[in-house]
Amino acid sequence: MDLMDIYEIDRTVDFILRRNFTRVALQFPDELLKDCTKVVRGLREKIGKLKEQAGVGLFVMADSTYGSCCVDEVGASHINADCVIHYGHTCLSPTSTLPAFFVFGKAMIDVSSCASSILNYASNNSKPFLVLFGLEYAHAIPNIREELVAEASTLSGSKAKTVFHFAEVMCPLINPPDCHKDSGGLLRSVGDGKVSDEPGVAARSRHSIGGLSWELPSGQKMEDYLLLWIGSDNSAFANVVLTFNGCEIVRYDANGNCLGTDFSQQRRILKRRYYLVEKAKDANIVGILVGTLGVAGYLNMIHQMKELIAGAGKKVYTLVMGRPNPAKLANFPECDVFIYVSCAQTALLDSKEFYAPVITPFEAMLAFNRGSEWTGAYVMEFRDLINSSPVEVKSYSEEARFSLVQGRYVEDFDLQEKKVEENEGVLALANATEKALQLQDRSSNSLTKGTVQSGADYFATRSYHGLDMHGDNSMPEPYLIGRTGKASRYQHEEGK
């Protein structure tokens, strides 16, 4: 396939010139950086033919601040870019300040083999099919649709009666603050199950995930359909499995030309997430990880998380560190749990290697709202969470809470503080003195991580407080000359 066609040079140049952009940021993921010079050369040649006077600056961005699926508005602002052209896999999250144009790319797929595999599987199922796909295969979906119709017309029996519904790709162009319409003319839905209230239009539930949107007829649910995913086993597919965990799902692997139905590993993630929710309920200090600075609505989500955590009687800290990893989060050992506010494609972090669990805002709402129960539904997009499930800080009862992780009843700190406030006079002074003595006695084990209420309390109980300074000897130590040369062979080792 021609490079001009894969990277849609003509459509990209048309977008740039129609809007008279002069400073354009080209965002490439790591796996596509090898083609960036060819793409820039093709864009410059095309722009030079269509525009007489030069003046369009093209800037290649790599090593994005956060996930490569999101538009890196932070990096684009460093060069004062007018817009961002995003290449490769994307979550199509709305931007905050800059317009963005998305080039999904065109992955190779055998259309005939795909259609045949789907029809063979459909012969044993009576449910209608809802076809979802990775955006890199969006270019082949019209051909797959035609191939299915053509092959089904030559068959008889259950294969010919199978009904296929195809999701539509949302608008590849996003203008801040929002993009309301997709390529098929559908209103961009927020969350699942939104019902049309337009006069004269039959009620249809709208759904969207991973840059795709579709509508279901009135009275039908997602569980009535068999979900067919065309694409790789990546983060987008994991979102589909978790969000629609009550549906039967089949995946067509374009690389291996085969259908897969065993998703026990993906579904096992739900059990792991439920365990993290129960563990987060016992947390005293919570860290909010800012996983995006460009997705619209991230500030509202952070503020709501702060209100939720504060209402639960816990201490909260906000941390901005780019892409989180175990080494970075190990610098904050006082945090019992982290909440990762990011796009849906990067929200799920495998926190097995982390010292503290990393949960999503949806899981935080389940953990810190007393009485909340998990029905099995899962919300990945924090923007959907804001609109469909506003944060409600419930007033806690005076009863202690049973911890499934610790296996005993525990008391939240807001209740403990209420009891302290009820003590007046000499008793309150005695409690304050006892707490001060506990903080000063660093060798004492009376105050542990499980009972600290802030980062200052935790650091006061740490056994390591920096380098040991010997006060009896104030004279400086003589300097020492270290080894010189390469690590494979130092100079003093040459004779050995």
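Residues numbered from 1 in each chain as written. Predicted model: local features only at pLDDT ≥ 70, side-chain atom pairs only at ≥ 80, totals over all residues. Heavy atoms only, no water.

Looking at an unreviewed UniProt entry, the protein carries the name diphthamide biosynthesis protein, with the source organism given as Salix viminalis. Quoted verbatim from the Sequence similarities (unreviewed entry) field of UniProt, the annotation for the protein is "Belongs to the DPH1/DPH2 family. DPH2 subfamily." UniProt's Cofactor (unreviewed entry) comment on the protein is quoted here verbatim: "[4Fe-4S] cluster". (UniProt positions renumbered as here; feature names shortened; annotations may be inferred.)

K.L.:
Is there a simple way to explain the packing of helix α10 (residues 298-311) against helix α12 (residues 361-368) in this structure?
P.N.:
The axes of two packed helices give the description: the angle between them and the distance between them. Across the interface, α10 lies against α12 with an axial gap of 10 Å and an inter-helix angle of 20°. The orientation of α10 relative to α12 falls into the category roughly parallel. For the element pair α10 and α12, the recorded crossing hand is left-handed. Contact residues: Met301, Met305, Leu308 and Ile309 in α10; Pro361, Ala364, Met365 and Phe368 in α12. A per-class count over the contact of α10 with α12 returns eight nonpolar, no polar and no charged. (Axes fitted to C-alpha atoms, helices over the stretch in contact; angles between N-to-C directions. Helix = DSSP H or I, 4+ residues; strand = E, 2+ residues; numbered from the N terminus. Parallel < 35°, antiparallel > 145°, perpendicular 65-115°, else oblique. Left-handed = near helix turned anticlockwise from the far one by under 90°. Contact = heavy atoms within 4.5 Å. Nonpolar A, V, L, I, M, F, W, Y, C, P; charged D, E, K, R; others polar.)

K.L.:
Quick question: what am I supposed to make of the sheet that holds strand β17 (residues 337-341) here?
P.N.:
The pairing of strands in a sheet happens through backbone hydrogen bonds and is either parallel or antiparallel. One open sheet holds the four strands; their spatial order is β16-β15-β17-β18, and the pairing between them is parallel. Edge positions in the sheet fall to β16 (315-319) and β18 (358-359), since each has one partner strand and no second. Strand direction decides the pairing type here: strand β15 (residues 285-290) and β17, joined by five bridges, are parallel. Residue valine 290 lies in a different strand from β17, and its bridge partner there is valine 341. Set on the sheet, α12 makes contact with β15, β17 and β18; between it and β17 the angle comes to about 135°. (Pairing = 2+ DSSP bridges.)

K.L.:
In this structure, what is going on with the pattern of salt bridges? I would like to understand it.
P.N.:
Close approach of charged atoms allows side chains with opposite charge to pair. Per the stated rule, a full pass over the model turns up seven salt bridges. The partner of arginine 206 in a salt bridge is glutamate 215, with the nearest N and O atoms 3.1 Å apart. Looking at arginine 206, the relative accessible area reads 12%, which means it is buried. For glutamate 215, a relative accessible area of 23% corresponds to the partly exposed category. Between glutamate 278 and lysine 281 there is a salt bridge whose closest N-O contact spans 3.2 Å. Remark: lysine 281 and glutamate 278 occur in helix α9 (residues 264-281); sequence separation between them is three residues, near one turn of the helix. The class of lysine 281 is buried, set by a relative accessible area of 19%. (Salt bridge = Lys/Arg side-chain N within 4 Å of Asp/Glu carboxyl O. Buried < 20%, exposed > 50% of the residue type's maximum accessible area, 1.4 Å probe, protein only.)

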